[in-house]
Amino acid sequence: ASTTGSDTVTMKLADGEWNFGVGPHMDMENAGGMGEAPDYIVTPNWLPVNVAFGGSPAVSETSDGLNDGTINFALASAAFTVPVSVTDSNGKPIVDAMVVMDDTVNGFGTFGKTSASGIANLQVNAGSFGVNAMMMGVPPTGGVKVKVDASGNIFIKGSTVAVSTIPIKLSK
């Protein structure tokens, strides 16, 4: 899913209560590892749907009151791009590190992978976040507390001085 197009997914379901939502892509070819970072805000957008076969009509779906068998989600683009720099203990950039930025209020967030320059650009709205970096064979970081204000300014660990990039160090 992305904000630049439209996707249609058909689900075949048995009777019951189901919850539907849109979340980031999981790369199943790489053992569920890092897929492409979403260009939308991941939010708690679950819709409960009751599916009942054999009644009248034959299938009942009432997510939006229309009983048309369709569930629609609108994806919202992020307001800000937050760069996260991941380096080793010698200050050298780490390539392909997984970076996660979790919203500490709603429990949802975003993720990305560092480029050849060791930077991951994460898409977020204003909020409070926990930022972590990880890589196979390297212990995860303890995390950094970050606030992004309504103007997109980034503040680390309660500081009142804005930064342009969130620095994270990974070391074995």
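Here is a short report on the structure shown in this document. Everything numeric here is computed off the predicted structure, so don't read it as measured data. Within every chain, residues take consecutive numbers counted from 1 along the sequence as written. Given that the model is predicted, a residue must reach a pLDDT of at least 70 before its local features are reported, and side-chain atom pairs must reach 80 or more before they are shown or counted; all residues, however, enter totals for whole chains, interfaces and linings. Note that water and hydrogens are dropped before the side-chain values are worked out from all heavy atoms of the structure.

Let us now look at unusual backbone geometry. Located in the positive-phi region is aspartate 96, a residue other than glycine, with phi close to 65 degrees. Runs of H or I in DSSP of at least four residues are treated as helices and runs of E of at least two as strands, each being numbered from the N terminus. Tracing the chain through its elements places aspartate 96 in the loop between β4 (80-87) and β5 (98-103). Under the relative-accessibility criterion, aspartate 96 is labelled partly exposed at 47%. Despite not being glycine, lysine 157 shows a phi value in the positive range, around 50 degrees. Of note, lysine 157 is situated in the loop between β10 (154-156) and β11 (166-169). Overall, the relative accessible area of 63% leaves lysine 157 in the exposed class. Burial classes: relative accessible area under 20% of the type maximum marks a residue as buried, over 50% as exposed, and values in between as partly exposed (1.4 Å probe, protein chains only).

Inspection of the secondary structure puts lysine 145 in strand β9 (residues 144-148). Given a relative accessible area of 57%, lysine 145 falls into the exposed group. Through-space distance from the C-alpha of lysine 145 to that of lysine 157 is 5.1 Å; in sequence the pair is 12 residues apart. Those residues in contact with lysine 145 that sit more than four places away from it in its chain are Phe129, Phe155, Ile156 and Lys157. Contacts: residue pairs with any heavy atoms within 4.5 Å of one another.

Relative to the helices and strands, serine 85 is located in strand β4. Among residues more than four places away in sequence, those in contact with serine 85 are Gly118, Ile119, Thr165, Ile166, Pro167 and Ile168.

Strands qualify as paired when DSSP identifies two bridges or more between them. Bridging between β5 and strand β6 (residues 109-113) involves 5 bridges; their strand directions are antiparallel. Residue pairing in the sheet places aspartate 102 in a bridge with glycine 109 of β6. Both β5 and strand β8 (residues 127-134) contribute to a ladder of 6 bridges, which runs antiparallel. Among the inter-strand pairings, methionine 98 is bridged to a residue of β8, identified as methionine 134.

What follows is about the side chain of threonine 114. For threonine 114, the position within the fold is in the loop between β6 and β7 (119-124). A polar atom in the side chain of threonine 114 sits 2.9 Å from the backbone nitrogen of aspartate 96. Counted as a polar contact is a pair of N or O atoms within 3.5 Å, where, for protein atoms, one must be capable of donating a hydrogen and the other of accepting one, and residues adjacent in sequence contribute only when both atoms are in side chains. Side-chain polar atoms of threonine 114 contact the backbone nitrogen of alanine 97, separated by 2.8 Å. Beyond its immediate chain neighbours, meaning those up to four positions away, threonine 114 contacts Val86, Ile94, Val95, Asp96, Ala97, Val99, Ile119 and Ala120.

So, about the nonpolar core. Note that soluble globular proteins tend to have their nonpolar side chains buried in a common cluster. For the purposes of this section, nonpolar cores are sets of buried Ala, Val, Leu, Ile, Met, Phe, Trp, Tyr and Cys residues that join through side-chain atoms within 4.5 Å. With 23 residues, the main nonpolar core has Val86, Met101, Val146 and Ile166 as its most contacted residues. Among the elements that make up this core, the one with the highest residue count is β4 (4 residues). Setting aside residues up to four positions removed in sequence, methionine 101 forms contacts with Val82, Gly109, Thr110, Leu122, Val124, Phe129, Gly130, Val131, Val146, Val148 and Ile166.

In this section: the sheet that holds β7. Spatially, 3 strands are ordered β7-β4-β11 in an open sheet, and the strand pairing comes out mixed. Edge positions in the sheet fall to β7 and β11, since each of these pairs with one other strand and no more. Ignoring which end each strand starts from, the neighbouring axes of this sheet average 30 degrees apart. For helices, the axis comes from a line fit to the C-alpha atoms of the stretch in contact; other axes are also lines fit to C-alpha atoms, and the angle between any two N-to-C directions lies between 0 and 180 degrees.

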